[in-house]
Amino acid sequence: MLPKGKFQGGGDTNKNKSSVTRVLILLVLCGFFYVLGLWQRSGFGKGDTIAIGVTKITECITLSDLIYDTPEKHIDIQEHNYMPCDASFIDHTPCHPRGQAQERHCPAPQEKLQCLIPAPKGYATPYWWPESLDYVPSGGTRFPQGLDAYIHELSSVIPFHNGMIRTAFDTECGVASFGAYMFKKNVITMSIGHESHSQVQYAMERGVPAIIGALATMKLPFPSGSFDMAHCSHCLIPWDTQDGMYMMEVDRVLRPGGYWILSGPPINWKNNYQELEKQQRSIEDTAKLLCWEKEYEKGDIAIWRKRLNCSQLDTRPAVCESTNVDHVWKKKMEKCVSPSPGPSPSWKPFPERLNAVPSRISRGSVEVYKEDNRLWKKHVNAYKRINKILDSGRYRNIMDMNAGLGSFAAALDSPKLWVMNVVPTISQESSLDVILERGLIGIYHDWCEAFSTYPRTYDLIHANGVFSLYKNVCSAEEMLLEMDRILRPEGAVILRDEESVLRKVKRIVRGMRWKTKMVDHEDGPLSQEKLLFAVKQYWVEGDTNNTYTT
């Protein structure tokens, strides 16, 4: 038998064990509720509905309702309230000064504006699509019989019905009426217009993709074999000059099997423009050298088709010697033929080609491409839980500043919207050819410079990692001022980047009249990647109310 003292000591041991047990139970419960909280905030549990259910579906997203925020951390960035620019800059296009050459001429860094471009007094958000389709200024159309009749005639030659013609570009587009009506055929058109007469501004107000530009001396900012169709109506481009160089540039961006439509002078010279016979003859000769077959000519319309294969190598113009035919940013046009990607049996009709593996994806990258698609579907679903009007039609003109493989645009695909997929010129991978093959539109651009558009032309801007990409190249302030310029009042912004980067951005935009809210990654707060949602407040020239909500 144990001594009595020992027995009493055993009672103390039992009390200690009981205390330890209670502590362990408490720790387990704390851990359980912590994990439950992570699960709820990740977007996969019912708790997510509670977390963001207070977000209301209104005409403009109310960011103050969002409750996914992360604690503020000190960051050594001087805050600055940006003043409005003078009212004379309301339609400022930094790289396309009015009255000067149509090609890009950007200001030096010390000449860039450090102020906010105001909206004009009385500014109102444009009509929603498709009501905006008929928003055309007086004298803004070049089709006297109407666009429906014009496109019906084109349809007798070009197979719009089978989905193989999905992407087009329209040179000297006017107010982009052609591009607007081609949406009826499920064709998305990149319209290129002059800075003069605000043509691109009208086009974007209508909800039609457009950029400021011209066929002059520089290559178009697209890779080879980008488009299924090219169009020119009364565009006054001197196709017969420069030894056919402008037609060679069209040939470069037109995929094998693609169509080129030329309407208006010099076509139909026999009846209306006899002095233009030489011009059309020259165009016909260049088309033959480029292996384009004439499919149709009637009245003022002529249609050629680029052959799938060209065997007349002995009579074709010289082949361009460039080692990288898609290295086109700020490169001069050449009087030579650029090799095009050959016809591929994997080229699919739209919408099948939107998610099919593009022929330009190498075999070793197929799984990377598929995973990218899956990831962006997840990301976009998370966006929709926060901004519940994302695909409602409120945001028609959308830009993705760092588009990657175009999977954000593919996940968001809807007839209510379109996405300008921008591939930065400093990206390690040039993926714009993949984006265009998917049936989306896009462009090369350097975000150290202003984009080729007017102020207030985009409803929503998305940027994944773009500030990290340009971290040691140009300042975040310059990029944010440009974003503010092209974003409409009450337009939205979605930024995805490292937390430290977004906190710097958040401090800067405090002085730019943006409402902001930082939220955790959809996988939970432990991820270093965060999201910053923002809305540009409504203000016009003359407003002096500098109130900011963060």
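Structure: above.
Each residue is numbered by its place in its chain's sequence as written, counting from 1. Reporting of local features is limited, given that this is a predicted model, to residues whose pLDDT is at least 70; pairs of side-chain atoms are given and counted only at 80 or more, and all residues count toward the totals for whole chains, interfaces and linings. For side-chain calculations, the full set of non-hydrogen atoms in the structure is used, while hydrogens and water are omitted.

Engineer: I keep staring at the overall build of the protein and nothing clicks. Help me out?
Structural biologist: Think of it this way: any DSSP run of H or I at least four residues long counts as a helix, any run of E at least two long counts as a strand, and we number them from the N terminus. A count of helices and strands for the protein gives 14 helices and 14 strands. Here the term buried applies to any residue with accessible area under 20% of the maximum for its type, exposed to any over 50%, and partly exposed to those in between, with areas from a 1.4 Å probe on protein chains only. Across the 550 residues in the protein, those meeting the buried criterion constitute 53%. If you take every contact in the protein between residues at least 6 apart in sequence, the share linking residues at least 24 apart comes to 73%. For the area figures, the Shrake-Rupley method with a 1.4 Å probe applies, and any residue is considered shielded solely by the protein chains shown. Surface exposure of the protein reaches about 25,200 Å², of which carbon and sulfur atoms provide 54%. Note on definitions: a residue-residue contact is assigned when non-hydrogen atoms from the two residues lie within 4.5 Å.

Engineer: Help me out: how do you make sense of the side chain of Ser233 in this one?
Structural biologist: Among the secondary structure elements, Ser233 is positioned in strand S4 (residues 227-233). For Ser233, a relative accessible area of 3% puts it in the buried group. Counted as a polar contact is a pair of N or O atoms within 3.5 Å, where, for protein atoms, one must be capable of donating a hydrogen and the other of accepting one, and residues adjacent in sequence contribute only when both atoms are in side chains. Polar contacts involving the side chain of Ser233 include one to the side chain of Ser263, which spans 3.1 Å.

Engineer: What should I look at first to understand the state of the cysteines in this one?
Structural biologist: Here, the word disulfide means a covalent bond between the sulfur atoms of two cysteines. In this description, the term disulfide denotes a pair of cysteine sulfurs within 2.5 Å. Taken as a whole and judged by the stated rule, the model has 5 disulfides. Note that Cys320 is cross-linked by a disulfide to Cys336, the S-S spacing being 2.0 Å. Between Cys320 and Cys336 the disulfide shows an S-S torsion of about 100 degrees. By sign, it is right-handed. Taken together, the residues Cys320 in the loop between strand S7 (301-306) and helix H8 (352-355) and Cys336 in the loop between S7 and H8 connect sequence positions 16 residues apart. With relative accessibility at 9%, the residue Cys320 sits in the buried group.

Engineer: I would appreciate a short explanation of the nonpolar core in the present structure.
Structural biologist: In these notes, a set of buried Ala, Val, Leu, Ile, Met, Phe, Trp, Tyr and Cys residues joined through side-chain atoms within 4.5 Å is what counts as a nonpolar core. With 134 residues, the main nonpolar core has Met229, Trp239, Trp260 and Phe467 as its most contacted residues. Every residue in contact with Phe467, bar those within four places of it in the chain, is listed here: Ala476, Met479, Leu480, Met483, Leu495, Asp497, Val501 and Val505.

Engineer: Help me understand the pattern of salt bridges in this model?
Structural biologist: When the charged atoms of two side chains with opposite charge come close together, those side chains can pair. Note on definitions: salt bridges are taken to be side-chain nitrogens of Lys or Arg within 4 Å of carboxyl oxygens of Asp or Glu. Within this structure, the stated rule accounts for 27 salt bridges. In this structure, Glu437 and Arg360 form a salt bridge, with 3.1 Å as the shortest nitrogen-oxygen distance. You can see Glu437 sitting in helix H11 (residues 432-437) and its partner Arg360 sitting in the loop between H8 and helix H9 (366-386), a full 77 residues away along the chain. Given the relative accessible area of 22%, Arg360 is considered partly exposed. A salt bridge links Asp391 to Lys384, with the shortest nitrogen-to-oxygen separation between them at 3.2 Å. The network of salt bridges with common partners includes Arg104, Lys330 and Glu449.

Engineer: Would you explain empty space enclosed by the protein in this entry?
Structural biologist: Once rolled over the atoms, a probe with the size of a water molecule shows which space is left empty. Using a 1 Å grid laid over the protein atoms alone, points where a 1.4 Å probe fits but cannot get out form a cavity; open sets with protein on both sides within 12 Å along at least 5 of 7 lines form a pocket; any residue with an atom within 4 Å of a point counts as lining. Grid points are joined across faces, edges and corners, and a volume is the space filled by probe spheres set on the points. In the structure shown here, the tally under the stated rule is 7 cavities of 30 Å³ or more. Counted as a void, the largest cavity has a volume near 100 Å³. Taken together, 16 residues line the largest cavity, and the ones lying closest to its centre are Pro126, Tyr127, Arg396, Asp459 and Arg488. Here the nonpolar group is Ala, Val, Leu, Ile, Met, Phe, Trp, Tyr, Cys and Pro; Asp, Glu, Lys and Arg are the charged ones; every other residue, Gly included, is treated as polar. Partitioning the lining of the largest cavity into residue classes produces 5 nonpolar, 5 polar and 6 charged.

Engineer: Mind showing me how you'd approach the pairing of strand S14 (residues 529-536) here?
Structural biologist: Here is the key point about a regular strand: its side chains alternate between the two faces of the sheet. For S14, the buried fraction is high: 7 of the 8 residues fall into the buried class. Two elements, strand S12 (residues 487-498) and S14, share 7 bridges in a ladder whose sense is antiparallel. Across the sheet, residue Glu498 finds its bridge partner in S14, namely Glu529. Two strands pair under a simple rule: DSSP has to find at least two bridges between them. Across 7 bridges, strand S13 (residues 514-520) lies against S14 in antiparallel orientation. Within S14, the residue paired with Trp514 across the bridge is Lys536.

Engineer: Teacher, can you tell me more about the packing of aromatic side chains here?
Structural biologist: Geometry of an aromatic ring pair is reported as the spacing of the ring centres plus the angle between the planes. Centre distance within 6.5 Å is the pairing criterion for rings of Phe, Tyr and Trp, where only the six-membered ring of Trp is used; planes under 30 degrees apart are then read as stacked, over 60 as edge-to-face, and the remainder as tilted. A full pass over the atoms with the stated rule returns 14 aromatic pairs. Ring plane angle 50 degrees and centroid distance 4.6 Å describe the contact between Phe143 and Tyr150, whose orientation is recorded as tilted. Both residues of the pair, Phe143 and Tyr150, count as buried. In textbook terms, an aromatic cluster arises when at least three aromatic residues are bridged by ring pairs, as seen for Trp239, Trp260, Trp292 and Trp304. Distance and angle both matter: a charge sits over a ring if NZ of Lys or CZ of Arg is within 6 Å of the ring centre and within 35 degrees of the ring normal. Cation over ring: Arg513 sits above Trp539, and NZ or CZ is 4.2 Å from the ring centre.

Engineer: Looking at this structure, how should I read the environment of Lys384?
Structural biologist: In this structure, Lys384 sits in helix H9. Judged by its relative accessible area of 27%, Lys384 is partly exposed. Spatially, the C-alpha atoms of Lys384 and Leu412 are 9.8 Å apart, while their sequence positions differ by 28 residues. At a separation of 3.2 Å, a polar atom in the side chain of Lys384 contacts the side chain of Asp391.

Engineer: Could you clarify how one ought to interpret the packing of helix H13 (residues 476-486) against helix H14 (residues 499-509) in this entry?
Structural biologist: The interhelical angle for the contact between H13 and H14, taken along N-to-C directions, is 60 degrees, at an axis separation of 10 Å. Between H13 and H14, the crossing angle belongs to the class labelled oblique. Read as a crossing pair, H13 and H14 show a hand that is right-handed. Where H13 abuts H14, its residues Ala476, Glu477 and Leu480 lie against Val505, Ile508 and Val509. Within the contact of H13 with H14, the residues separate by chemical class into 5 nonpolar, no polar and 1 charged. For every element, the axis is a line fit to its C-alpha atoms; helices are fit only across the contacting stretch, and the angle between N-to-C directions ranges from 0 to 180 degrees. Should an angle fall under 35 degrees it is taken as roughly parallel, and over 145 as roughly antiparallel, whereas 65 to 115 is taken as roughly perpendicular and any remaining angle as oblique. Here a crossing is taken to be left-handed if its near helix is turned anticlockwise relative to the far helix by less than a right angle, and right-handed if that turn runs clockwise.

Engineer: I tried to follow the sheet that holds S7 on my own but got confused; where do I start?
Structural biologist: For sheets, the rule is that strands pair by backbone hydrogen bonds, running either parallel or antiparallel. Strand order across the open sheet formed by 7 strands is S3-S2-S1-S4-S5-S7-S6, with mixed pairing between neighbours. Only two strands of the sheet have a single partner each, and these edge strands are strand S3 (210-212) and strand S6 (292-298). Neighbouring strand axes in the sheet, compared pairwise and without regard to direction, differ in orientation by 20 degrees on average. On the sheet, helix H3 (residues 147-155) packs against S4, strand S5 (254-263), S6 and S7 and is oriented at approximately 40 degrees with respect to S7. Running at roughly 145 degrees to S6, helix H7 (residues 277-289) makes contact with S5, S6 and S7 of the sheet.

Engineer: It is not clear to me how the environment of Leu220 should be interpreted in this structure. Could you clarify?
Structural biologist: For Leu220, the position within the fold is in the loop between S3 and S4. For Leu220, a relative accessible area of 5% translates into the label buried. Remark: the alpha-carbon pair of Leu220 and Tyr444, spanning 224 residues in sequence, is separated by 9.3 Å. Sequence-distant contacts of Leu220, that is, excluding residues within four places in its chain, are made with Phe169, Ile192, Leu215, Glu249, Arg252, Val253 and Val328.

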